[in-house]
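So you can see what is in the structure, the chains are spelled out below.
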Amino acid sequence: MLSVESVQRIEMSPGWRRHRVEILDVAEGRVVVKGQRPPRSAARFWLMSSLARVVRHPLLRPVPAPGGAAAQATELRRLQALARSGVPVPAVLHQAPDFIVLSGPG
């Protein structure tokens, strides 16, 4: 859990907005801030899937990466599932509509 001051500092930082990922030192320690990737059009995924079907090469099928809130929710679900399975993953310290904060590297 992050303090109100730490969350405010993260919200004011331009780094994660510009580069999507930023490592910050806050009162609770080092954290990784991941901003949402803009939503992506499904057209490119449809095109690549169609090409994979035409050439009959299933390995060319794209992995859906919708971006936006859907991608952030998927990442959070995967982190939680991995943690429940005993896989060491970063802890989710804060979740906001446009970014998430994870425990950082040492």
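Each remark here, short or long, concerns the structure printed above.
Reading the values: rules and limits
Residues numbered from 1 in each chain as written. Predicted model: local features only at pLDDT ≥ 70, side-chain atom pairs only at ≥ 80, totals over all residues. Heavy atoms only, no water. Pairing = 2+ DSSP bridges. Helix = DSSP H or I, 4+ residues; strand = E, 2+ residues; numbered from the N terminus. Axes fitted to C-alpha atoms, helices over the stretch in contact; angles between N-to-C directions. Contact = heavy atoms within 4.5 Å. Buried < 20%, exposed > 50% of the residue type's maximum accessible area, 1.4 Å probe, protein only. Arc of directions from axis to C-beta.

## Thoughts on the sheet that holds strand 3 (residues 92-95)
Strand order in the open sheet formed by four strands is 1-2-4-3, and the pairing between neighbours is antiparallel. Among the strands making up the open sheet, the edge pair consists of strand 1 (21-26) and strand 3. Each neighbouring strand pair of the sheet contributes to a mean axis angle of 25 degrees, computed without reference to strand direction. Bridging between strand 2 (residues 29-35) and strand 4 (residues 99-103) involves five bridges; their strand directions are antiparallel. Paired with Gly35 across the two strands is Phe99, which belongs to strand 4. This element, helix 1 (residues 4-12), spans strand 1, strand 2, strand 3 and strand 4 of the sheet and lies at about 145 degrees to strand 1. In the packing of helix 4 (residues 68-84) onto the sheet, the strands contacted are strand 2, strand 3 and strand 4, and the crossing angle to strand 4 comes to about 25 degrees.

## Quick look at helix 1
Three or more residues of helix 1 are buried, namely Ser6, Val7 and Ile10. The buried residues of helix 1 all sit within an arc of 100 degrees when viewed along its axis, so they share a single face. Exposed residues pointing more than 90 degrees away from the buried face of helix 1 are listed as Val4, Glu5 and Met12. Contact partners of the buried residues in helix 1: helix 2 (15-19), strand 1, strand 2, strand 3 and strand 4.

## A short note on the pairing of strand 1
Burial along strand 1 is one-sided: Glu22, Leu24 and Val26 are buried, and none of Val21, Ile23 and Asp25, which face the opposite way, are. Sheet analysis places strand 1 next to strand 2, joined by six bridges and oriented antiparallel. Bridging from a neighbouring strand, Asp25 pairs with Arg30 of strand 2. Here strand 1 hands over to strand 2 after two residues, the two strands then running antiparallel side by side.

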